[in-house]
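Chain residues, written in single-letter form:
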Amino acid sequence: GQSLEQPSEVTAVEGAIVQINCTYQTSGFYGLSWYQQHDGGAPTFLSYNALDGLEETGRFSSFLSRSDSYGYLLLQELQMKDSASYFCAVRPYTGGFKTIFGAGTRLFVKA
Amino acid sequence: SQTIHQWPATLVQPVGSPLSLECTVEGTSNPNLYWYRQAAGRGLQLLFYSVGIGQISSEVPQNLSASRPQDRQFILSSKKLLLSDSGFYLCAWSSERQGGGYTFGSGTRLTVV
């Protein structure tokens, strides 16, 4: 089957760096995406890795290694507003236009 | 720019009542559209997706149905709601510019009582 694994919770302090990992089991996919969701809100698209390597967007970076079936989201200079849930997602080659989401990682940023 | 509208934001419905949630997209043509459901504190479950007018793919056998009467309109319906239908319903469209990444609507929080 196809699945993505993420830690359920991560806690970090304001100003620090945190890495949220995502490991997956899927035969092949177009790329790895990351979404942020604040309590009560809808998920918002953060980043997309089509190729192996690091993609940087401001304080956020995302990494993909297809050979290791692994990716991560890196958040730098953490701010209180970064407290949210983060989901990794892939769109497999098979299965039409469906996207599979991980169960999400709840990030708590402390002062 | 592309925008996605979803309504209502919250809904409380009795068991056995019908449901209709509407989603519309602006600024794009022939989008791929999706309905997801999210239980409290959980991940996203794909319910339906559509690649064009009248084309609906169902992912989970359930009490719900979807329709796409127009290119930019996607509707989620039920004839008789169950308690288990409670959740956060999200409409989304995907863009190849984002590698197929989703833009979600603001969601509808449905409570079936």
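Okay, so let's go over this structure.

Quick notes on the rules
- Residues numbered from 1 in each chain as written.
- Chains lettered and ligands numbered in written order.
- Predicted model: local features only at pLDDT ≥ 70, side-chain atom pairs only at ≥ 80, totals over all residues.
- Heavy atoms only, no water.
- Pairing = 2+ DSSP bridges.
- Helix = DSSP H or I, 4+ residues; strand = E, 2+ residues; numbered from the N terminus.
- Axes fitted to C-alpha atoms, helices over the stretch in contact; angles between N-to-C directions.
- Disulfide = S-S within 2.5 Å.
- Buried < 20%, exposed > 50% of the residue type's maximum accessible area, 1.4 Å probe, protein only.
- Contact = heavy atoms within 4.5 Å.
- Buried area = accessible area lost by both parts, 1.4 Å probe.
- Salt bridge = Lys/Arg side-chain N within 4 Å of Asp/Glu carboxyl O.
- Polar contact = N/O pair within 3.5 Å; in protein donor to acceptor, adjacent residues only side chain to side chain.
- Nonpolar A, V, L, I, M, F, W, Y, C, P; charged D, E, K, R; others polar.
- Core = buried A, V, L, I, M, F, W, Y, C linked by side-chain atoms within 4.5 Å.
- 1 Å grid on protein atoms, 1.4 Å probe; cavity = no way out; pocket = protein on both sides within 12 Å on 5 of 7 lines; lining within 4 Å.
- Points joined across faces, edges and corners; volume = space filled by probe spheres on them.
- Phe/Tyr/Trp six-rings, centres within 6.5 Å; stacked < 30°, edge-to-face > 60°.
- Lys NZ or Arg CZ within 6 Å of the ring centre and 35° of its normal.

**Observations regarding the sheet that holds strand 3 (residues 18-25) of chain A**
Residue and element names in this part refer to chain A. Pairing within the open sheet is antiparallel, and its five strands lie in the order 1-3-8-7-6. Either end of the sheet is taken by a strand with one partner, and the two such strands are strand 1 (3-5) and strand 6 (53-57). On average, adjacent strands in this sheet sit at an angle of 20° to one another, irrespective of strand direction.

**Regarding the state of the cysteines**
Residue and element names in this part refer to chain B. As enumerated under the stated definition, the model contains two disulfides over all chains in all. Sulfur-sulfur distance for the disulfide between Cys 23 and Cys 91 comes to 1.9 Å. Residues Cys 23 and Cys 91 are joined through a disulfide that is left-handed, its torsion about the S-S bond being -75°. One end of the pair, Cys 23, is in strand 3 (residues 19-26); the other, Cys 91, is in strand 9 (residues 87-95), and 68 residues separate them in sequence. Of the two residues examined, Cys 23 and Cys 91, each falls in the buried class.

**Some details on the interface of chain B and chain A**
At the junction of the two partners, chain B supplies 23 residues and chain A supplies 18 residues. Carbon and sulfur atoms make up 58% of the area that chain B and chain A hide from each other, which totals about 1500 Å². At the surface where chain B touches chain A, the tally comes to zero salt bridges. The tally of links between chain B and chain A comes to four residue pairs in polar contact (both at pLDDT 80 or more). The set of elements that each furnish at least two residues to the side of chain B that touches chain A consists of strand 4 (32-38), strand 5 (44-52), strand 9 and strand 10 (101-104) of chain B. Of the residues assigned to the side of chain B that touches chain A, the class counts are 10 nonpolar, nine polar and four charged.

**What about the nonpolar core?**
With 23 residues, the main nonpolar core has Leu4(A), Leu32(A), Trp34(A), Leu75(A), Tyr86(A) and Leu107(A) as its most contacted residues. Breaking this core down by element, the ones donating at least two residues are strand 2 (9-13), strand 3, strand 4 (29-37), strand 7 (60-65), strand 8 (70-75), strand 9 (84-92) and strand 11 (105-110) of chain A. Beyond its immediate stretch of four places on either side in the chain, Tyr86(A) contacts Gln6(A), Ile20(A), Tyr35(A), Gln36(A), Leu46(A), Phe60(A), Leu73(A), Leu75(A), Gly104(A), Thr105(A) and Leu107(A). Grouped together as the second largest cluster of nonpolar side chains are 20 residues, Ile4(B), Val25(B), Ala66(B) and Leu81(B) included.

**Regarding the layout of surface pockets**
Here the largest pocket defines a volume of roughly 300 Å³. What lines the largest pocket is a set of 20 residues, among which Gln37(A), Ser85(A), Gln38(B), Gly41(B) and Arg42(B) lie closest to the centre. Of all the elements in the fold, those that place two or more residues in the lining of the largest pocket are strand 9 and strand 11 of chain A.

**Examining the packing of aromatic side chains**
This model, assessed by the stated rule, comprises 18 aromatic pairs over all chains. Judged by centre distance (4.9 Å) and plane angle (20°), the rings of Phe63(A) and Tyr72(A) are stacked. Its relative accessible area of 22% is what places Phe63(A) among the partly exposed residues. We classify Tyr72(A) as buried; its relative accessible area is 15%. Connected via pairs of aromatic rings, a cluster forms that spans Tyr35(A), Phe45(A), Phe101(A), Tyr34(B), Tyr36(B), Tyr49(B), Tyr102(B) and Phe104(B). The ring centre of Phe29(A) lies 4.4 Å from the NZ or CZ of Arg66(A), which sits over that ring. Here the guanidinium or amino end of Arg91(A) rests over the ring plane of Tyr30(A), the centre of that ring lying 4.4 Å away.

Remember, this is a structural readout, not a statement about activity or role.
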